[in-house]
Amino acid sequence: MTVLDHPLVGVLVTELRDERTPVERFREVVEQLGRLLAYEALREVRVREKAVRTPVAGATGTRLAASPTVVCILRAGAGLTPGVLSLIPGARMGHLGMARDEATLEPRTYYDKLPPDVADGPVLLCDPMLATGGSAVAAVELLAGRGCRDVTFLGVIAAPEGVKRLTEAHPEVPLVLAALDERLDGRGYIVPGLGDAGDRIFGT
Ligand code: PRP
Ligand code: URA
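Residues numbered from 1 in each chain as written. Chains lettered and ligands numbered in written order. Predicted model: local features only at pLDDT ≥ 70, side-chain atom pairs only at ≥ 80, totals over all residues.

Looking at an unreviewed UniProt entry, the protein chain carries the name Uracil phosphoribosyltransferase, with the source organism given as Phycisphaera mikurensis. Word for word, the UniProt comment on the protein chain under Pathway (unreviewed entry) is "Pyrimidine metabolism; UMP biosynthesis via salvage pathway; UMP from uracil: step 1/1." UniProt lists a comment for the protein chain under the heading Cofactor (unreviewed entry), and it reads "Mg(2+)". (UniProt positions renumbered as here; feature names shortened; annotations may be inferred.)

1. Digging into the overall build of the protein chain
Across its full length, the protein chain holds 6 helices and 12 strands. Computed over C-alpha atoms, the radius of gyration of the protein chain comes to 17 Å, within 12% of the 17 Å expected from 2.2 N^0.38 for 204 residues, which places it in the range of a compact globule. Across its three principal axes, the protein chain shows a C-alpha extent of roughly 60 × 40 × 30 Å. For the protein chain, buried positions account for 38% of its 204 residues. Sequence-distant contacts, at least 24 apart, represent 64% of the contacts inside the protein chain between residues at least 6 apart. (Helix = DSSP H or I, 4+ residues; strand = E, 2+ residues; numbered from the N terminus. Rg over C-alpha atoms; globule rule 2.2 N^0.38 Å. Buried ≥ 20, exposed ≤ 12 C-beta atoms within 10 Å, placed from the backbone. Contact = placed C-beta atoms within 7 Å.)

2. Focus: the environment of Ile190
Residue placement: Ile190 occurs in strand 12 (residues 190-191). Separated by 47 residues in sequence, Ile190 and Leu143 have C-alpha atoms that sit 25 Å apart. Among residues more than four places away in sequence, those in contact with Ile190 are Met129, Ala131, Ile157, Ala159, Asp181 and Leu184.

3. Concerning the nonpolar core
Judged by nonpolar contacts, the single largest core of 55 residues is most densely connected at Leu124, Leu125, Cys126 and Leu154. A total of 8 residues in this core trace back to one element, the largest contributor, which is helix 2 (residues 23-41). In this structure Leu154 touches Leu37, Ala38, Ala41, Leu80, Val84, Leu124, Leu125, Cys126 and Val176, once residues within four positions along its chain are discounted. (Core = buried A, V, L, I, M, F, W, Y, C linked by C-beta atoms within 7 Å.)

Quick look at the structure:
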C-alpha cells in the first residue's frame, strides 16, 4: 500500500474533509488528486523505446508498453477519472455501477461496461472511498472474472477495515491512497473521512 506522502496532498485532502468546501471546489480537488494518484500508480508501468526527432537531433524516448484501462466505480469514481485520464488520454475506460446497501453495507452491482480487451493491459480501478472494502472487492472480483490480472486500486481516503478486507482477499492488488483514516463509524462511514463522496461531488 502506498499513501501519498506530500504536503500538497495533505492540503488537498484537508480541503475535501472541510464541510464548508463548495461543490465546485470539491470536484476540482478530487480531479487533482486523481492525477496525483495516477502519477504514483503508474510509476512502475512497463515502457518501450520510442524514437523521435527533436528539431536538433534524433532521440530515444519512451512510450507505454500496453495501454492502461481506467475503470470507474460509479458514482464517486467519476470524480477521479478526469484527473487520471489527463495523464493517459488514450486510455480506454470501463464503468462499474455499484451502490452500497445502507443496511447491510454490501454493494449491489447495477451496471458494468468494460472494454472487451480490458485484460490486455494494466487496470487502474478508481473510487475515492474504501470503507468496508465491499465495493472494491466486488469490483476486483468482477475484473478477475474478465481475466484482469494487473489491477491497481486508486482511492482518496481508506479506512483500515477496508484496506484489510481488500488486501486479505486480493493481496496482488496494490493500493495507492491519499490518506489512511482511523476507522469506520456505526453506519460504515470513514472517520474522520469527508462524508459521502458521491453526494459531495454531485451535489445530491
Ligand atoms: C461509496 C464509495 C464507494 C463505497 C465505499 O459509494 O464511492 O464505492 O461507497 O464503501 P465500501 O468500501 O463500504 O463498499 P456508494 O455505494 O455510496 O455509491 P455512490 O458513489 O453512488 O454514492
Ligand atoms: N462512502 C462514502 O462516500 N463515504 C464514506 O465515508 C464511506 C463510504
